[in-house]
Amino acid sequence: MDGNGRWAQNRGRNRSYGHQCGEKPVREVVETACHLNIGTLTLFAFSSDNWMRPSDEVTSLMHLFKSFLKLERWKCRSHGVRINVIGRRDRLGPSLREAVEAAERFTSGCRRMHLRIAVDYSARDSILEAVSLGRLGASPTRREFSSLLNLAIHSDPPAPDVDLLIRTGDTQRLSDFMLWECAYAEMIFVHGMWPDFRGRDLTKALEEFNQRERRFGRISCPPHKITGHRA
Ligand code: FPP
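These numbers come from a predicted model, not from an experiment.

K.L.:
Honestly, helix α6 (residues 123-132) in this entry has me stumped. Any pointers?
P.N.:
The α-helix winds at 3.6 residues per turn, so residues separated by three or four positions along the chain end up facing the same way. Looking only at α6, the buried set comprises A123, S126 and A130. Along the axis of α6, the buried residues cluster in a sector spanning 55°; they form a single face. Every exposed residue of α6 that faces more than 90 degrees away from the buried side is listed here: R124, L128 and S132. Residues of α6 that are buried sit in contact with β3 (113-121) and α7 (142-152). Looking at where α6 begins, the residue whose side-chain oxygen comes 3.4 Å from the main-chain nitrogen of R124 is S122. Two residues or fewer past α6, G134 is found with a positive phi of approximately 75°.

Below is the structure:
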């Protein structure tokens, strides 16, 4: 969800204003994804490297996450959306950690969609954490490693590999997001900034995804559509 800061600065406002305005597209995208029968939606909200931002920006983001979790858990539960915050938990403030655990408990029975919000997330750190759990045999399979990775980032339930990665903000890089899980992800880079992203943009991205031929290293593969597919 890139581009909040630039979006706000282009309007003569501070970066935190951009993050606040980034909440509306989050709600729209969750709703649209739900209607499109997406199995798992992961939103990259705060990377482990984002701690290096100015403290007022970090504080306002943490407030935003907390209020989002407190308010949206009701709507999520009524729509069958299971909330799950992935990433490190030990560096979150106690009140945010409580809000995370409460939202996860509150929606734990939901089965329609798994909504993962990545906070204090780093793909490289999650790989190191998976290794340091000490449960890998001498020659682990990809499947075994994936399940340890899910454990390391607190993904509950464990999620499959990423099918489609969408990045807004006119930037074409991964920025330490799901490096293992994106091995065969299709990528769509959007010119617009995150606060301007709408549900229809997600629908459009899925249409583009559904046109792409995914071969997973083979010569051809059966079509793999997202809409109607439960991951
Ligand atoms: C990256 O844009 C965005 C973030 C670091 C924060 C994302 C947060 C939201 C969209 C707020 C709402 C989210 C939830 C889950 C309630 P940037 O600040 O790096 O933008 P820039 O590249 O223009 O500086």
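So, next bit.
K.L.:
Would you mind showing me how to read the packing of aromatic side chains here?
P.N.:
The relation between two aromatic rings is expressed through the spacing of the ring centres and the mutual angle of the planes. Evaluated as defined, the whole model comprises 10 aromatic pairs. Geometrically, the ring pair formed by W74 and F106 is edge-to-face, given 4.8 Å between the ring centres and 65° between the ring planes. One end of the pair, W74, is in helix α4 (residues 55-78); the other, F106, is in helix α5 (residues 94-106), with 32 residues separating them in the sequence. For W74, a relative accessible area of 52% translates into the label exposed. Ring geometry for Y121 versus F177: centroids 6.0 Å apart, planes at 65°, classification edge-to-face. Of the two residues, Y121 is situated in strand β3 and F177 in the loop between β4 (164-167) and β5 (186-189); the sequence distance between them amounts to 56 residues. The two residues Y121 and F177 agree in class, both being buried. Among the aromatic residues, ring-to-ring pairing joins F44, Y121 and F177 into one connected group. The ring of Y17 is capped by R13, whose NZ or CZ atom sits 3.8 Å from the centre of that ring. One residue, R77, lies across the ring of F106, its end atom 3.7 Å from the ring centre.

K.L.:
Would you mind showing me how to read the site of the ligand here?
P.N.:
Lining the immediate environment of the ligand, one finds 19 residues, of which M1, D2, R6, R15 and R53 sit closest. Between the ligand and the protein, one listed contact pairs an oxygen atom with a backbone N or O atom of R6 at 2.7 Å. A distance of 2.8 Å is found between an oxygen atom of the ligand and a side-chain nitrogen or oxygen belonging to R15. Contact with the protein chains removes 93% of the 630 Å² of surface that the ligand exposes when unbound. Mapped onto the shell around the ligand, the elements with two or more residues apiece are α1 (4-9), α2 (15-21) and α4. Of all the elements, α4 adds the most residues to the shell around the ligand, at 4 residues. The class makeup of the residues in the shell around the ligand is 9 nonpolar, 6 polar and 4 charged.

Definitions and limits used
Residues numbered from 1 in each chain as written. Predicted model: local features only at pLDDT ≥ 70, side-chain atom pairs only at ≥ 80, totals over all residues. Heavy atoms only, no water. Buried < 20%, exposed > 50% of the residue type's maximum accessible area, 1.4 Å probe, protein only. Helix = DSSP H or I, 4+ residues; strand = E, 2+ residues; numbered from the N terminus. Arc of directions from axis to C-beta. Contact = heavy atoms within 4.5 Å. Polar contact = N/O pair within 3.5 Å; in protein donor to acceptor, adjacent residues only side chain to side chain. Phe/Tyr/Trp six-rings, centres within 6.5 Å; stacked < 30°, edge-to-face > 60°. Lys NZ or Arg CZ within 6 Å of the ring centre and 35° of its normal. Near = heavy atom within 4 Å. Areas by Shrake-Rupley, 256 points an atom, 1.4 Å probe, with all protein chains shown as cover. Nonpolar A, V, L, I, M, F, W, Y, C, P; charged D, E, K, R; others polar.

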